[in-house]
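Residue-level listing of the chains:
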Amino acid sequence: MLRLAAPTDPAWPARALAHLDELLLDHAHLEKKAAGTAVTLLFRYPERRELQEPLAQLAREELAHFEGVLGQLARRGIAFGRQRAGGYAGRLHRVVRAAEPARRLDTLLVAALIEARSCERFTLLAGALRGVDDELAAFYAGLLAAEARHHGAYVQLAIAGFPEDEVRARLDAVAAHEAAVLAEQCEPRVHG
Ligand SMILES: [Fe+2]
Ligand SMILES: [Fe+2]
């Protein structure tokens, strides 16, 4: 189950489809960023044994998704290149507390929320793309299970290192923050 505090605006899929090339470019960067987050955590917390294999596997899967999006960009004839950072991730990370171990808990839960929102939005995209670009619709439908699993994996990694009631309470707070940040976005992005 995805622990999102608010569902996506029903107007979002039409907005996304109207800017599909930009959305795909954003998505490619997002998958690369997701792999980078997992690798950053591996470098930051080598002493946290429970994080190592799950995050190594997650990083590999995100890079495979990245390659998948690059394939979709090539198929649609869209050039890939540098992209300006969106506002979502930066604003989302403001909820992360500076001092350890709270920083580790909050970083895992922010990652869990990003995965949950991606999963929700890929579900919407898969539906909206049917009959528009069936190959792309199938591609998004194929990503759903992995992103839902990544959401669960980050929550479980938090529970492996912190009391479960503390994780649940903090997850609710981070989810409320995520919904508020998302409500301010209006760009053609996966988290726009
Ligand atoms: Fe992914
Ligand atoms: Fe993911």
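The coordinates are above.
Residues numbered from 1 in each chain as written. Chains lettered and ligands numbered in written order. Predicted model: local features only at pLDDT ≥ 70, side-chain atom pairs only at ≥ 80, totals over all residues. Heavy atoms only, no water.

1. Regarding the coordination of the iron ion (ligand 2)
Argument step 1. Here the iron ion (ligand 2) is held by the protein donor atoms E62 (OE), E115 (OE), E115 (OE), E147 (OE) and H150 (ND1), which lie 1.9 to 2.7 Å from it.
Argument step 2. Between consecutive donor residues of the iron ion (ligand 2), the sequence gaps follow E-x52-E-x31-E-x2-H.
Argument step 3. In this structure, the iron ion (ligand 2) lies 3.3 Å from the iron ion (ligand 1), and both are coordinated by E62. Remark: H150 and E147 occur in helix 6 (residues 134-161); sequence separation between them is three residues, near one turn of the helix. Here E147 and H150 have matching classes, each one buried. (Donors = N, O, S within 2.8 Å, 3.2 Å for Na, K, Ca; no water. Helix = DSSP H or I, 4+ residues; strand = E, 2+ residues; numbered from the N terminus. Buried < 20%, exposed > 50% of the residue type's maximum accessible area, 1.4 Å probe, protein only.)

2. Some thoughts on the coordination of the iron ion (ligand 1)
Argument step 1. Around the iron ion (ligand 1), the protein contributes the donor atoms E31 (OE), E62 (OE), H65 (ND1) and E147 (OE), at 2.0 to 2.2 Å from the metal centre.
Argument step 2. Because the angles between the four donor atoms bound to the iron ion (ligand 1) fall within 88 to 142 degrees, the donor set is best described as irregular.
Argument step 3. Within one chain, the residues donating to the iron ion (ligand 1) are spaced in sequence as E-x30-E-x2-H-x81-E.
Argument step 4. For E62, a relative accessible area of 0% corresponds to the buried category.
Argument step 5. Taking the relative accessible area as the measure of exposure, H65 reaches 11% and is therefore buried. (Tetrahedral: all angles 85-135°; square planar, octahedral: opposite > 155°, others 65-115°.)

3. Side note on the layout of surface pockets
A probe matching the size of a water molecule, rolled over the atoms, marks out where space remains unfilled.
Argument step 1. Taken as a whole, the largest pocket encloses approximately 590 Å³ of empty space.
Argument step 2. The wall of the largest pocket is formed by 33 residues, among which D26, H29, L30, K33 and A89 lie closest to the centre.
Argument step 3. Among the residues making up the lining of the largest pocket, the classes are represented as 11 nonpolar, 12 polar and 10 charged.
Argument step 4. In this structure, the second largest pocket is lined by 13 residues; those nearest its centre are T8, D9, R121, L182 and A183.
Argument step 5. Of all the secondary structure elements, the ones that give two or more residues to the lining of the second largest pocket are helix 1 (12-18), helix 5 (102-129) and helix 7 (164-183).
Argument step 6. Considering every element that reaches the lining of the second largest pocket, the biggest residue donor is helix 7, with three residues.
Argument step 7. A breakdown of the residues in the lining of the second largest pocket according to their chemical character gives six nonpolar, three polar and four charged. (1 Å grid on protein atoms, 1.4 Å probe; cavity = no way out; pocket = protein on both sides within 12 Å on 5 of 7 lines; lining within 4 Å. Points joined across faces, edges and corners; volume = space filled by probe spheres on them. Nonpolar A, V, L, I, M, F, W, Y, C, P; charged D, E, K, R; others polar.)

4. Focus: the packing of helix 5 against helix 6
Argument step 1. Contact geometry of helix 5 with helix 6 gives a least axis separation of 8 Å together with a crossing angle of 160 degrees. On the basis of the axis angle, helix 5 is roughly antiparallel to helix 6. Our pair here, helix 5 against helix 6, has a crossing hand that is left-handed.
Argument step 2. Taken together, the residues of the contact of helix 5 with helix 6 break down into 23 nonpolar, four polar and four charged. (Axes fitted to C-alpha atoms, helices over the stretch in contact; angles between N-to-C directions. Parallel < 35°, antiparallel > 145°, perpendicular 65-115°, else oblique. Left-handed = near helix turned anticlockwise from the far one by under 90°.)

5. Thoughts on the packing of helix 3 (residues 52-75) against helix 6
Argument step 1. Running from amino to carboxyl end, helix 3 crosses helix 6 at an angle of 160 degrees, the nearest separation of the two axes being 11 Å. It follows from the interaxial angle that helix 3 and helix 6 lie roughly antiparallel. Of the two possible hands of crossing, helix 3 and helix 6 adopt the one that is left-handed. Seen from helix 3, the contacting residues are P54, L55, Q57, L58, E61, E62, H65, G68, V69, Q72 and R75; seen from helix 6, they are E135, L136, F139, L143, A146, E147, R149, H150, Y154 and L157.
Argument step 2. Here the contact of helix 3 with helix 6 is built from residues that sort into 10 nonpolar, five polar and six charged. (Contact = heavy atoms within 4.5 Å.)

6. Examining helix 5
Because an α-helix packs 3.6 residues into every turn, residues spaced three or four apart end up facing the same way.
Argument step 1. If you check helix 5, its first and last C-alpha atoms are 40 Å apart, about what 28 residues at 1.5 Å a residue would give, namely 40 Å.
Argument step 2. Taking burial as the measure, the 28 residues of helix 5 include 23 buried ones, the bulk of the element.
Argument step 3. Note on helix 5: the residue one or two positions beyond its end, G131, has a positive phi of about 85 degrees. (Expected span 1.5 Å × (residues − 1).)

7. Side note on the nonpolar core
Argument step 1. Judged by nonpolar contacts, the single largest core of 32 residues is most densely connected at L55, L108, L109, V110, Y154 and V167.
Argument step 2. Counting residues per element, the ones that place at least two in this core are helix 2 (20-44), helix 3, helix 4 (88-92), helix 5, helix 6 and helix 7.
Argument step 3. Per element, the largest residue contribution to this core is eight residues, and it comes from helix 5.
Argument step 4. Residues in contact with L109, not counting those within four places in the same chain, are A158, V167, R170, L171 and V174.
Argument step 5. Listed in part, the 21 residues of the second largest apolar core include L30, F66, L73 and V190. (Core = buried A, V, L, I, M, F, W, Y, C linked by side-chain atoms within 4.5 Å.)

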